[in-house]
Amino acid sequence: MQATRHHKNDISDLAFLVTGGAGFIGSNIVGYLIRNGVGKVRVLDNLSEGRIQNIQPFLRLPNFEFVEGDITDTETCMKACRGVHYVSHQAALGSVPRSIDTPLKTNAANVTGFLNMLTAAKDSGVKRFVYASSSSVYGDSIRLPKVEEHIGSPLSPYAASKFVNEVYAGVYALNYGMEVIGLRYFNIFGPNQKPDGPYAAVIPLFMDALLKGRSPYINGDGEQSRDFTYVDNAIQANIRALLTDVRGATGQVYNIACGERFTVNELFHTIRELVGSDVQPTYREERKGDVRDSLADISKARAYLGYEPNVKLKEGMAVTLQWFKENYG
Ligand SMILES: NC(=O)c1ccc[n+]([C@@H]2O[C@H](COP(=O)([O-])OP(=O)(O)OC[C@H]3O[C@@H](n4cnc5c(N)ncnc54)[C@H](O)[C@@H]3O)[C@@H](O)[C@H]2O)c1
């Protein structure tokens, strides 16, 4: 599954910067680029959330460079963009609850850091800037499926930060003619996503707990639904967004998801079955800032990027579980 190729271009002459490249999604993008013979890939990450293990296999490669640094520092961003053709901007502080606990930290990384990177990319003349947005920008809109043009009001500082990213991206495209693309990820999961820390995501938390015979928490009644998306689909979207030459594809935001939704209860039962466990979940109160239901309309990404989520939930879950067994089991 990991061997699928998502581009037709020769990338052996191209240099990419992946911010947040020691994190979950970023390290998977780096892995893809390396496996496909990239000319050069540089990672900028402050290792606040990312792990050096995620990029360990690449550290000795001649076409790989790791810069430990912070996107809140403008000089660091400028240096990181030097000699680079394409920027994949993944660095940010994820998690809605974290942003409610520490909004200034979220703003520093997700808004100031974003603007620093966007400006550095502009000033360095990079060809294209593709960045991670989020389904959280749909906020309080109850419309399903989510269509790019119809968003609601943000429900958390995290959602606000991602919305601001999209606003700035639009403004930079308009004023500076930058080629910018935003990808609104919907609950991405897969290898390299860590289950530890107070702000871990639901799939790693369930897998870790069930593999260890513990009862995982479910917030609320578990009937909230999400469009869970295997990371290989997100990689595909990033590679296509970085390299597409389709007219009108830049200056846009795209939903990146599977286009299918599952409740948290269904997710729990699927993982429990895969693990072969009979542990029951522990229900607790709902989380503030969470949306009730989420489901993406992915027709825009299909039309402009040729995006097709080839890996469905169960298949992605099996690969992820295997990774958890090897790394946390
Ligand atoms: N995982 C998801 O389901 C999901 C959903 C929507 C959006 N996103 C977005 O996708 C991107 C990647 O998310 P992820 O799940 O891989 O998270 P992650 O935490 O694994 O990766 C983010 C990386 O950014 C780094 N980072 C954070 N602040 C930084 C700073 N100030 N300077 C330099 N590096 C910094 C972290 O160390 C980490 O390695 C983020 O922008 C996130 O908001 C993720």
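Everything discussed here concerns the structure shown above.
Calculation rules
Residues numbered from 1 in each chain as written. Predicted model: local features only at pLDDT ≥ 70, side-chain atom pairs only at ≥ 80, totals over all residues. Near = placed C-beta within 6 Å. Helix = DSSP H or I, 4+ residues; strand = E, 2+ residues; numbered from the N terminus. Nonpolar A, V, L, I, M, F, W, Y, C, P; charged D, E, K, R; others polar. Pairing = 2+ DSSP bridges. Axes fitted to C-alpha atoms, helices over the stretch in contact; angles between N-to-C directions. Buried ≥ 20, exposed ≤ 12 C-beta atoms within 10 Å, placed from the backbone. Right-handed = clockwise from strand over helix to strand, strands pointing away. Parallel < 35°, antiparallel > 145°, perpendicular 65-115°, else oblique. Left-handed = near helix turned anticlockwise from the far one by under 90°. Contact = placed C-beta atoms within 7 Å. Expected span 1.5 Å × (residues − 1).

Q: Outline the site of the ligand, supporting the account with residue identities and numerical values.
A: Neighbouring the ligand are 27 residues, the closest being Gly-20, Gly-23, Gly-50, Ala-92 and Ala-132. If you tally residues by element for the shell around the ligand, the top one is helix 1 (residues 24-35), at three residues. The class makeup of the residues in the shell around the ligand is 12 nonpolar, 12 polar and three charged.

Q: I'd like a description of the sheet that holds strand 4 (residues 86-89), backed by residues and values.
A: Reading across from one edge, 3-2-1-4-5-6-11 is the order of the seven strands in this open sheet, with parallel pairing throughout. Every interior strand has two partners, whereas the edge strands, strand 3 (64-68) and strand 11 (252-256), have only one. Averaged over all adjacent pairs, the angle separating strand axes in this sheet is 20°, with direction ignored. Where strand 6 (residues 180-185) meets strand 11, five bridges bridge the pair, whose relative direction is parallel. Pairing of Tyr-185 across the sheet is with Ile-256, part of strand 11.

Q: Please provide a residue-by-residue account of the pairing of strand 6, values included.
A: Counting buried residues along strand 6, six of its six residues qualify, which places the element largely inside the surrounding structure. A two-sided burial pattern is seen for strand 6, the buried positions comprising Val-180, Gly-182 and Arg-184 on one face and Ile-181, Leu-183 and Tyr-185 on the other. Looking at chain direction, strand 5 (residues 128-134) and strand 6 are connected through six bridges and run parallel. In the strand pairing of strand 6, Phe-129 is matched with Val-180. On the question of chirality, the crossover connecting strand 5 to the parallel strand 6 by way of helix 5 (residues 157-176) is right-handed.

Q: Tell me about the packing of helix 6 (residues 202-211) against helix 8 (residues 264-275), and please be specific about residues and values.
A: Helices that pack against each other are described as a pair by the angle of their axes relative to one another and the distance between those axes. For the pair helix 6 and helix 8, interaxial distance at closest approach is 10 Å and the crossing angle is 40°. One way to sum up the angle between helix 6 and helix 8 is to call them oblique. The two elements helix 6 and helix 8 cross, and the hand of that crossing is right-handed. Where helix 6 abuts helix 8, its residues Val-202, Phe-206, Met-207, Leu-210 and Leu-211 lie against Val-264, Leu-267, Phe-268, Ile-271, Arg-272 and Val-275. Taken together, the residues of the contact of helix 6 with helix 8 break down into 10 nonpolar, no polar and one charged.

Q: A description of the environment of Thr-74 should follow, citing residues and the corresponding values.
A: Turning to its location among the elements, Thr-74 is positioned in helix 2 (residues 74-81). Once the C-alpha coordinates of Thr-74 and Thr-119 are considered, the two residues, 45 residues apart in sequence, prove to be 8.7 Å apart.

Q: Which residues make up the environment of Thr-102, and what are the values?
A: Mapped onto the fold, Thr-102 is located in the loop between helix 3 (96-101) and helix 4 (103-124). When the 14 C-beta atoms within 10 Å are taken as the criterion, Thr-102 is described as partly exposed. Residues Thr-102 and Val-167 lie 65 residues apart in sequence; the distance between their C-alpha atoms is 22 Å.

Q: Any chance you could break down unusual backbone geometry for me, citing the residues and the numbers?
A: With omega at -5°, the peptide bond leading from Leu-144 into Pro-145 counts as cis. Mapped onto the secondary structure, Pro-145 falls in the loop between strand 5 and helix 5. Residue Asn-187 is not a glycine yet carries a positive backbone phi of 35°. Looking at the secondary structure, you find Asn-187 in the loop between strand 6 and strand 7 (188-189).

Q: Let's hear about helix 5: which residues, and what values?
A: With 20 residues, helix 5 ought to run about 28 Å at 1.5 Å a step, and its terminal C-alpha atoms sit 28 Å apart, in line with that. The set of residues buried in helix 5 consists of Pro-157, Tyr-158, Ala-159, Ala-160, Ser-161, Lys-162, Phe-163, Asn-165, Ala-169 and Tyr-172. If you follow the buried residues of helix 5, they end up packed against helix 3, helix 4, strand 5 and strand 6. Phi for Gly-177, located one or two positions after helix 5, is positive at around 65°.

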